[in-house]
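These are the residues of each chain, in order.
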Amino acid sequence: MTTAPLPHHPVAVVGAGLGGLTLARVLHVHGIRAALFDLDAAPDARTQGGMLDIHDDSGQEALRAAGLHEEFLDRVHTGGQAVRVLDREGTVRFEESDDGTGGRPEIDRGELRELLLGSLPADTVRWGAKVTDVRPLDGGRHRVTLADGTGFTTDVLVGADGAWSRVRPLVSAARPAYTGVSFVEADLADADVRHPGSTEVVGAGMLFALGPGRGFLAHRETDGSLHVYTAVTAPEEWVDGIDFTDGEAAKAAVLKEFDGFDERLRALVADADGALVPRRIHALPAGHRWDRVPGVTLLGDAAHLMSPFAGEGANLALLDGAELGLALAAHPEDTEAALAAYEARMFPRAAASAAESARGQDLLFRADAPLGLVEMFRGRDD
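Keep in mind the model is a prediction, meaning the values are calculated, not measured. (Residues numbered from 1 in each chain as written. Predicted model: local features only at pLDDT ≥ 70, side-chain atom pairs only at ≥ 80, totals over all residues. Heavy atoms only, no water.)

(A) A look at the packing of aromatic side chains. Counted under the stated rule, the structure contains 10 aromatic pairs. With centroids separated by 5.8 Å and ring planes inclined at 80°, the aromatic side chains of phenylalanine 216 and phenylalanine 261 adopt a geometry described as edge-to-face. Taken as a pair, phenylalanine 216 in strand E13 (residues 214–220) and phenylalanine 261 in the loop between helix H7 (247–255) and helix H8 (263–270) lie far apart in primary sequence, 45 residues in all. Taken as a pair, phenylalanine 216 and phenylalanine 261 share a single burial class, namely buried. (Phe/Tyr/Trp six-rings, centres within 6.5 Å; stacked < 30°, edge-to-face > 60°. Helix = DSSP H or I, 4+ residues; strand = E, 2+ residues; numbered from the N terminus. Buried < 20%, exposed > 50% of the residue type's maximum accessible area, 1.4 Å probe, protein only.)

See below:
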């Protein structure tokens, strides 16, 4: 009895997030087919997070390479680049409106993902495909096994599968470490009608309301809601001591960390609709890199997970995907040259952004917060 050969994909991407989809799109533009495998059961299996500011020198460059920049501009959130910084008493220490000339327009992550997905052939992504094992074969090929017992082989394997990547161990033993900051996320729905006080506090775009070691980060979303990131510098086990199945108890436990903050700021959690969601912030070491391993590479958080305090994560994932796609298209007969060229550009860029993100974390939560952030914004505008 013979065993049927496994399906073979010249380019296989594990993970259908922004970076993996951008890679597939750029390859598609150049006539190269990629197969994507994602553990989500369907494209809409879970919400995709909040607003993203897409930088003109990284994320927007990637969208230009993907031939989607004009469609992206049609979807940006008008006014979303506005920013305001408050201290713990609720006093406005810095404010800047969005006059439409900034280089970091905001877009809902879900809308950006829909744009990328819609630009690909319908059968590009296999949903409900959880990777359980990856093994190298000869000649730089790899065999990937999925949770349902099926599998495939590939000439080029790309790990675009996020912080806890199943592909990363092929090239690196590094694992994400806790940064010392935890988020608790909250939403206030139909904010203009149901939460007008919070709408006034947050403003038209992004809010930073900071004190030593903690703060409220919030933004207005395109559906009229407010999304709030409550940030606390705390031991890694802090969130384990909160019962998030009991909404009121969870709110009380989180707000205990914000004694002395203005009640208008505390209302961003106290009045939240739905469950609070905890999230520890992890990062790979700044400057994470690996020696060239035939037939495999990483992009996005799988390659350079960093804290969100420089706004670089999504932008780097987009740019990684675009540059890897362009490198593969430029070296159709030499995969190793393509992967080496991509990594040579990606490593130093990611190292610089990771260092900036770490500095941003220190800046936001230092003892005299929010003065450091105010000084940064004012210096940027000078």
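After that view of the structure, there is still more to cover.
(B) Region of interest: the pattern of salt bridges. With the rule as written, the count across this model stands at 24 salt bridges. With its nearest N and O atoms 2.5 Å apart, the salt bridge here joins arginine 366 to aspartate 368. On the basis of relative accessible area, arginine 366 is assigned to the partly exposed category, the value being 31%. Among the charged side chains, a salt-bridge network with shared partners connects Asp320, Glu323, Arg345 and Arg349. (Salt bridge = Lys/Arg side-chain N within 4 Å of Asp/Glu carboxyl O.)

(C) Quick peek at the pairing of strand E8 (residues 131–136). Alignment of E8 against strand E9 (residues 142–146), held across five bridges, turns out to be antiparallel. Across the sheet, the residue bridging to arginine 135 is arginine 143, located in E9. Where E8 folds back onto E9 in an antiparallel hairpin, the turn is made up of five residues, including glycine 139, whose phi is positive at roughly 65°. (Pairing = 2+ DSSP bridges.)

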